[in-house]
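Tertiary structure, described
Residue strings, one per chain:
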Amino acid sequence: MSGTRRIGLLGGTFDPIHIGHLRAAVEVVEYLKLDELRLIPSARPPHRDHPQTAPEHRLRMVQLAVAGIEGISVDDRELRRERPSYTVETLESLRTELGEDVQLMLLLGWDAFCGLPGWYRWEELLKLCHVLVLQRPDANTEAPEELRNLVAARSVSDPLTMTGAAGQLSFIWQTPLEISATRIRECRQAGRSIRFLTPDAVLNYIQAQGLYPAISN
């Protein structure tokens, strides 16, 4: 697989994007020596509550957050889709665009990975990509039974040894940062500062657009 392009994919509502997302992205790019990592904002995620903020605002915040960060880009294909954002369809679209030889690595947090059996056509994901689970040292839940055979059959201990364009599963430890989009929204709505939880460019955009306004008692 020498010379094969390696592209990471990290999806989410990014409502808003924060330094936890960015730190995870940078760590994976550096560790796996990815050619590119694409952040993919979702429009209407079928497994989560609808985002509070309009797609154009969330896209702009992600663009501002990654500006100037080498190796990280933004892919807006899910926002251009007029239906729920199904990961398997996004992967099919990327395969059509990028070809069959590119290594696609789908990044999932531990909670998202454990929820895979509820995803649309989830059994087909590994036909289209490798799965890289971002695991925190404090994760203490076990994978559901439906995934245990998959882990046993497809996992490799070192993500650097993944071969082929798709089909394998591995885990990578992440720096635990106690930051979430929910916490940021709650801080804004309570009138508290969110500085240093998200990049300054995103903070300035949130303030300029009046996003996540304070809730009056």
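Residues numbered from 1 in each chain as written. Predicted model: local features only at pLDDT ≥ 70, side-chain atom pairs only at ≥ 80, totals over all residues. Heavy atoms only, no water.

As a reminder of what qualifies: UniProt positions are given in the numbering used here, feature names are shortened, and annotations may be inferred rather than shown by experiment.
Looking up the chain in an unreviewed UniProt entry gives the name Probable nicotinate-nucleotide adenylyltransferase, with the organism given as Pseudomonas matsuisoli. Of the chain, the UniProt comment under Catalytic activity (unreviewed entry) reads exactly: "nicotinate beta-D-ribonucleotide + ATP + H(+) = deamido-NAD(+) + diphosphate". Recorded in UniProt under Pathway (unreviewed entry), the annotation for the chain is "Cofactor biosynthesis; NAD(+) biosynthesis; deamido-NAD(+) from nicotinate D-ribonucleotide: step 1/1."

**Brief notes about the pattern of salt bridges**
Opposite charge on two side chains lets them pair, provided their charged atoms get close. Just so we agree on the cut-off: When a carboxyl oxygen of Asp or Glu is within 4 Å of a side-chain nitrogen of Lys or Arg, the pair counts as a salt bridge. Note on conventions: DSSP H or I runs of at least 4 residues are helices, E runs of at least 2 residues are strands, and numbering of each starts at the N terminus. Burial classification: accessible surface area is computed with a 1.4 Å probe over protein chains only, and a residue below 20% of its type maximum counts as buried, one above 50% as exposed, and the rest as partly exposed.
In this structure the tally under the stated criterion is twelve salt bridges. In this structure, the salt-bridge partner of E36 is R5, at a minimum N-O distance of 3.7 Å. Taken as a pair, E36 in strand β2 (residues 36-41) and R5 in the segment before β1 (6-12) lie far apart in primary sequence, 31 residues in all. According to the relative accessible area criterion, E36 is buried, its value standing at 17%. We classify R5 as partly exposed; its relative accessible area is 38%. The residue R185 makes a salt bridge to D15 at a minimum N-O spacing of 4.0 Å. Within this pair, whereas R185 is found in helix α7 (residues 181-189), its partner D15 is found in the loop between β1 and α1 (19-32), the two being separated by 170 residues in sequence.

**Here we look at the side chain of T53**
Selection rule: Side-chain atoms alone can form a polar contact between residues adjacent in sequence; in general such a contact is a pair of N or O atoms within 3.5 Å, and within protein one must be able to donate a hydrogen while the other accepts it. Note on contacts: a residue pair qualifies if any of its non-hydrogen atoms lie within 4.5 Å across the two residues.
Among the structural elements, T53 can be located in the loop between β2 and α2 (55-66). T53 gets classed as buried once you look at its relative accessible area, which sits at 8%. A polar atom in the side chain of T53 sits 2.6 Å from the side chain of D15. Once residues lying within four places of it in the same chain are set aside, the contact partners of T53 are D15, R58, M61, L211 and Y212.

**Comments concerning the environment of D76**
Note on placement: D76 falls in the loop between β3 (72-74) and α3 (87-98). Given a relative accessible area of 27%, D76 falls into the partly exposed group. In the structure, D76 is positioned 68 residues away from P144 in sequence and 31 Å away in space, judged by C-alpha atoms.

**Comments concerning the pairing of strand β4 (residues 103-109)**
Note the cut-off: Criterion used throughout: strands pair if DSSP finds at least two bridges between them.
For β4, the buried fraction is high: six of the seven residues fall into the buried class. Relative to β4, β1 runs parallel, the two being bridged by four bridges. In the strand pairing of β4, I7 is matched with L104.

**Brief notes about the packing of aromatic side chains**
Short version of the rule: Classification of ring pairs rests on two measures: the distance between centres of Phe, Tyr or Trp rings, Trp counted by its six-membered ring, which must be within 6.5 Å, and the angle between planes, read as stacked under 30 degrees, edge-to-face over 60 and tilted in between.
Overall, the coordinates contain four aromatic pairs when judged by the stated rule. Seen from their ring centres, W110 and F113 are 5.7 Å apart, and the 40° between their planes marks the pair as tilted. Of the two residues, W110 and F113 both sit in helix α4 (residues 110-114), three residues apart, roughly one turn of that helix. Residue classification places W110 among the buried residues on the basis of a relative accessible area of 11%. Measuring from centroid to centroid gives 6.0 Å for F113 and F171, while their planes differ by 90°, and the two rings are edge-to-face. With a gap of 58 residues between them, F113 in helix α4 and F171 in strand β6 (residues 169-173) connect regions that are remote in the sequence. Accessibility expressed as a relative area gives 0% for F113, which makes it buried. Put simply, the rings of W110, F113 and F171 pair up and form one aromatic cluster.

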